[in-house]
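# Residue-level structural notes
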Amino acid sequence: MDFIAVIRDGFLAMIGPVTAAYAVSAVSLNLQFGYTGLLNFGQVAFMMVGAYGTAITVEAGGSLWLGIPVGILTAVLLGLLLGLPTLRLRADYLAITTIALAEALRLIVRSSWAEPLTNGVFGIQGFADAFFDLNPFPGGAVYGVGTWTVTGRSLWMMIVSWTVVLLVVLLIRRLIKSPWGRVMRAIREDEDAARSLGKNVFGYKLQSLMIGGAIGAVSGILLAIEQQNVTPDAYLPRLTFILYVIVILGGAGTILGPVIGALVFQFVFFGFDSLMASAQANIDWVGDILSPAEAGQVKLILVGVGLMLLMIFRPQGMMGDLNESLIDDH
Amino acid sequence: MTIDPNALADVAAVPGVAKPDPIVTIDGLERSFGGVHAVNVDHLEIQRGTITSLIGPNGAGKTTLFNLISGFDEPDNGEWDLDGGGLVGISAYQVARRGMVRTFQLTKSLARLTVMENMHVADQTNPGETLRGALFGGWRKAEDEATEKATALLERFGLTHMADEFAGSLSGGQRKLLEVARALMVDPDVIMLDEPMAGVNPALTQSLLHHITGLREDGMTVIFIEHDMDVVQEISDWVVVLAEGSVIAEGPPASIGSNEIVIDAYLGRTHREEEE
Amino acid sequence: MALALLAVPAMALADGEAIGGTLIATTDDERVPVEGVLISVEQDGTLVGDSTSDAEGKWLVPVPGAGTYTVRLDVSTLPDGVGLTNADSDVLEDIVVQEGRQRTVLFPLGEGSTTSPPPYQRFGSLLFAGLKLGAVIALSAVGLSLIYAVTGLVNFAHGEMVTLGAVLTYFFSTSVAGPGWSLFIAGAAAVALGAGFGWVQDRGLWRPLRKRRMGLVAMMVVSIGLSFALRYLILVMFGGTRKLYDEFTGQTPIDFFGIPVVPKNLITIVVGVVVLALVGLFLQRTRIGTALRAVSDNPDLSESSGIDVDKVVTLTWVMAGGLAALGGLFFGLTEAVQWDMGFRLLLLIFAAVVLGGLGTAYGAMLGAFVVGIAVEMSTLIFPSELKSAVGLIVLIIMLLVRPQGLLGTRERIG
Ligand SMILES: Nc1ncnc2c1ncn2[C@@H]1O[C@H](COP(=O)(O)OP(=O)(O)O)[C@@H](O)[C@H]1O
Ligand SMILES: [Mg+2]
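Bear in mind the structure is a predicted one, so any value in this text is a computation, not a measurement.

## Comments concerning the overall build of chain C
Across its full length, chain C holds 11 helices and 13 strands. What you see for chain C is a C-alpha radius of gyration of 24 Å, in line with the 22 Å of a compact globule of 414 residues. Each of the three principal axes of chain C carries a C-alpha extent, and together these read 85 × 45 × 40 Å. Averaging the coordinates of the 26 positive side-chain charges in chain C and doing the same for the 34 negative ones gives two points 17 Å apart.

In structure tokens form, the structure reads like this:
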């Protein structure tokens, strides 16, 4: 068993662009769930819409720099469309509608009917060349020490995506620390109270859904660029729930929680992969009872169990204030 | 506008009677749930600058009436206005902005906001509450002014020492006080209190009563729901009795205690409930 | 008559994974390539691609990767006088394609006549399919709605309770590791275990959380975690492929007023309607049913008027677990058993309960049949891969025009 390798694999995944993209998405989910109390169970739809908006624009002959705003605006529009019928209703309606719409959108994107636009199950590839053309690091070169290395391509992607994380966190910080953020938190606590104090609760929730949607789209675009690929089956509902784990792990309703959550989650998630691979290679009985594919599934079982346990026993997450979580709502 | 304390002296004590200077007027208001006629008010006027008590047995429709006129529920029929402006179809937050603020029977403190933050949320003038204001700043001055106003209100309600605590850590009585203080942050013309005394200890009750009479002195119109007849007798200028959704009597407090219909409908029922 | 013909040309190994074959009709003495026939490949109900056979009868559909696919031959594109040797082999399910390989599949063709069914028959079949789907949704949805009514929780793990019913039935009846019971006994055992699982869930998880006064939003997040854990647990135990019970598989349709109907679908509808009627009777006529309705109207009032709310809630979970398992049993019977079947059905369950009115048992039943029929009928207009999306559109339209649902009432504030 090579534990150093396990830690290395976890670490390299942790600092990678995918973690950054997850952090961005978690920050947006945190605005909705942690600060406004909205249950968006269809976050993956915003990411998908952002990614496809970008890819399709490039496919249609536009530049990547046009595609990105198109993707973001499409997600904002999706937030508006989702919010209009649901945000006047109880929280559960938004949850139901978002989870259903996300899955239905994926089926539509995947369908032959949408194929002229989305290329069906095959998706769209190679639309982000313009981004990698700007890469100042030689793509083939390797940076790092020993086996702790990343390629020039990854390094470029990492720098850009972690910069995006920083910008998004600063944006949310500014918003949340303002009176606007205070109204959001008031709505999370009790929307009837906020309403009785003259706050347009519906309008604020819509803003939260749309801003969160835009940031979610940014995350989807980062992932799509990193992979130079969009396919419908990358946007399964499970990604949304992984993001919930990240938000709650880090601390819902805290500024940095989602980022910390993403780092820790990715370290554990990929460290676990590496650990299982190493165990399967070196310990006979492990290989006997679990195939590599099953090990991946066991990991997802643990994600689900982890989400339950966190919500029950440590709802404030790593960054949250214990006192705050103990406050009685009644 | 000056308010005449004796304006109601010559008003007859009959249901639906016209008042000299009504600030709220309700007409033909109906709301039913399934078969239950929760509210069925033919005509009701609330005199400006008075304390009007709304009484009636449990389930009489008092809270539902509040919900309807504050925009939290929609009636099946009827109209009502505030100072001449119709409120039909106006959403709850706009009713508050027009100067009619209500509190809730079950207190709604914003638990994970501090007491001071609770007060700030009720401020109507802060430009930082818009997205643009939040992004580009320029709201500090308004924030400071609101803090000043809130500090004075908290002082008045004896909550100064709790300003930086989470509202969720207040006692039940303190939450009631906070809710009233917070409603005053809105600078309302009409304030509607749904059982503000319920569950408050006797010491606090007295100070709360004192605050309510203080509101009238400040020129506000108070409508409040209360069960305790002593309290009602003590502070109200006018009493409206609701039973099974309808106004069965109204008049000065003295006239209510001796009203046969009220004793039947209200006390009679209480007696029956006690016997069960 | 014709004999089966199976020509397997060596296919050039192209870039990626693909499915292909050659269509040749065999009569007594001749083998003729069949040109211009449309073959489509689907995955999870979604079209992956299609291909039309060329002059040599060859067709090839590239697929996105290794996996399990369904291949369908469009019989209406067969030339006159050519038909499938085996009339219902126009769809081949569970075609497995391996990493980097091309898979060859065969459609035995011979002499035959193919006429598309008259419109009323198509309409009737779809209506029937809609009723069947409606019955499955209704059985599953009633429990979700009742739990919501008595506890306020929307249980996102409800889909897994449906899957469990199907998977357990499969285990008891068909699995080599199982006891090999008849489907009837296996199904009864699965429903009993499903009800037991409802009890365990309430006592082991939800009741303690209610006692801690956990908020509903937090509980919904817990239920999502539970759904996730159960779903992948089932995947590990059951595997990823679609499986069929060993009984009632290849049933021949019977004639039902001119509409061909598969008997097991008819049974599903009949049993579904009977069970739902029993649930209705239970709610209306029994003391405990009345208590359940009282709790769903007003839990606080019921508590103070002497109803044991905890008992009612547990009973509701037990009922919901049993009904969901029954829904899953029939879902597996009429389609196939798969690890994520319940999660896929959840979308339609949601559409049904929102349509009927969240928290109303009768609303859920009504909504289920409306959604089931709308989804199946939609294939008259939209491609069938968009079926589920249609269910969602129904949901959104309902939220816009009447958010409390067909049978719901506006809620209480204050
Ligand atoms: N949302 C609702 N659904 C059903 N019945 C309601 C609802 N709100 C109030 N009611 C009924 O309306 C009547 C009046 O209730 P309420 O206004 O709360 O009375 P009060 O505040 O005078 O005690 C009661 O019979 C109550 O049960
Ligand atoms: Mg009341």
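Don't stop here, the text continues.
## Some words on the site of ligand 1
Residues and elements named next belong to chain B. In the vicinity of ligand 1 there are 12 residues, among which Gly-59, Gly-61, Lys-62, Thr-63 and Thr-64 approach most closely. One of the backbone nitrogen or oxygen atoms of Ala-60 is found 3.1 Å away from an oxygen atom of ligand 1. Within the backbone of Gly-61, an N or O atom sits 2.9 Å from an oxygen atom of ligand 1. Going through the elements one at a time, strand 2 (36–47) and helix 1 (62–69) are the ones with two or more residues in the shell around ligand 1. It is helix 1 that provides the largest number of residues to the shell around ligand 1, a total of three residues. Here the shell around ligand 1 is composed, by residue class, of four nonpolar, five polar and three charged.

## Looking at the pattern of salt bridges
Summed over the entire model, instances satisfying the criterion amount to 35 salt bridges over all chains. The closest approach of N and O atoms between A:Glu189 and B:Arg112, which form a salt bridge, is 3.1 Å. In this pair, A:Glu189 sits in helix 9 (residues 179–189) while B:Arg112 sits in the loop between strand 6 (100–102) and helix 3 (115–121), so the two residues belong to two different chains. According to the relative accessible area criterion, A:Glu189 is buried, its value standing at 16%. Note on B:Arg112: relative accessible area 24%, which makes it partly exposed.

## Section: the packing of helix 5 (residues 140–156) of chain B against helix 6 (residues 172–185) of chain B
All names here are of chain B. Running from amino to carboxyl end, helix 5 crosses helix 6 at an angle of 145°, the nearest separation of the two axes being 10 Å. Note that helix 5 runs across helix 6; the crossing there is right-handed. Contacts between helix 5 and helix 6 involve Ala-146, Lys-149, Ala-150, Leu-153 and Arg-156 from the first element and Ala-181, Leu-184 and Met-185 from the second. Here the contact of helix 5 with helix 6 is composed, by residue class, of six nonpolar, no polar and two charged.

## Things to note about a nonpolar patch on the surface
A cluster of nonpolar side chains, contributed by C:Tyr362, C:Leu366, C:Val370, C:Leu406 and C:Leu407, occupies part of the molecular surface with about 380 Å² of accessible area. By the secondary structure assignment, C:Leu366 is in helix 10 (residues 361–377).

## Brief notes about the sheet that holds strand 8 (residues 221–225) of chain B
All names here are of chain B. Spatially, the six strands line up as an open sheet ordered 6-7-8-3-9-10, and their pairing is mixed. Of all strands in the sheet, those with a lone pairing partner are strand 6 and strand 10 (246–251), marking the two edges. For this sheet, the mean angle separating the axes of adjacent strands, direction not counted, is 15°. As judged from the five bridges shared by strand 7 (residues 190–194) and strand 8, these two strands associate in the parallel manner. Residue pairing for strand 8: Met-192 is matched across the bridge by Ile-223.

## A look at unusual backbone geometry
If you check the backbone angles, B:Glu244 has positive phi at about 45° while not being a glycine. Within the secondary structure layout, B:Glu244 lies in the loop between strand 9 (238–243) and strand 10. Residue B:Glu244 is classed as exposed on the basis of its relative accessible area of 56%. One non-glycine residue with positive phi stands out, namely C:Arg213, at about 55°. Tracing the chain through its elements places C:Arg213 in the loop between helix 3 (183–211) and helix 4 (216–238).

## Here we look at the nonpolar core
The biggest cluster of nonpolar side chains holds 192 residues, and the ones touching the most others in it are C:Ile137 and C:Phe156. Counting residues per element, this core draws most heavily on helix 4 of chain C, at 15 residues. Discounting chain neighbours no more than four positions away, the residues touching C:Phe156 are A:Phe41, A:Ala95, A:Ile96, A:Ile99, C:Met220, C:Ser223, C:Ile224, C:Ser227, C:Leu346 and C:Phe350.

## What to know about the coordination of the magnesium ion (ligand 2)
All names here are of chain B. Protein-derived ligands of the magnesium ion (ligand 2) are Thr-63 (OG1) and Gln-105 (OE1), with the metal-ligand distances lying across 2.0 to 2.2 Å. A residue pair is termed long-range when its members are at least 10 positions apart, and Thr-63 in helix 1 and Gln-105 in the loop between strand 6 and helix 3 qualify at 42 residues. Among the residues examined, Thr-63 registers a relative accessible area of 17% and is labelled buried.

## Digging into the domain arrangement of chain C
Here the domain parsing of chain C yields domain 1 (18–117) and domain 2 (122–401). Here the C-alpha centroids of domain 1 of chain C and domain 2 of chain C sit 35 Å apart.

## Concerning the interface of chain A and chain C
Counting from both sides, the interface comprises 47 residues of chain A and, opposite them, 48 residues of chain C. At the boundary of chain A with chain C, total buried surface from both sides reaches about 4,400 Å², with 78% on carbon and sulfur atoms. Counting only elements with at least two residues in the side of chain A that touches chain C, the list comes to helix 4 (64–86), helix 5 (91–110), helix 12 (237–250) and helix 15 (292–313) of chain A. Broken down by element, the side of chain A that touches chain C gets its largest block of residues, 14 residues, from helix 5 of chain A. In the side of chain A that touches chain C, the residues fall into 32 nonpolar, seven polar and eight charged.

The rules behind the values
Residues numbered from 1 in each chain as written. Chains lettered and ligands numbered in written order. Predicted model: local features only at pLDDT ≥ 70, side-chain atom pairs only at ≥ 80, totals over all residues. Heavy atoms only, no water. Helix = DSSP H or I, 4+ residues; strand = E, 2+ residues; numbered from the N terminus. Rg over C-alpha atoms; globule rule 2.2 N^0.38 Å. Lys, Arg positive; Asp, Glu negative; His and termini not counted. Charge placed at Lys NZ, Arg CZ, Asp CG, Glu CD. Near = heavy atom within 4 Å. Polar contact = N/O pair within 3.5 Å; in protein donor to acceptor, adjacent residues only side chain to side chain. Nonpolar A, V, L, I, M, F, W, Y, C, P; charged D, E, K, R; others polar. Salt bridge = Lys/Arg side-chain N within 4 Å of Asp/Glu carboxyl O. Buried < 20%, exposed > 50% of the residue type's maximum accessible area, 1.4 Å probe, protein only. Axes fitted to C-alpha atoms, helices over the stretch in contact; angles between N-to-C directions. Left-handed = near helix turned anticlockwise from the far one by under 90°. Contact = heavy atoms within 4.5 Å. Patch = residues over 30% accessible without salt bridge, like charges linked within 9 Å, V, L, I, M, F, W, Y side chains within 5 Å. Areas by Shrake-Rupley, 256 points an atom, 1.4 Å probe, with all protein chains shown as cover. Pairing = 2+ DSSP bridges. Core = buried A, V, L, I, M, F, W, Y, C linked by side-chain atoms within 4.5 Å. Donors = N, O, S within 2.8 Å, 3.2 Å for Na, K, Ca; no water. Domains from an automatic or database assignment. Buried area = accessible area lost by both parts, 1.4 Å probe.

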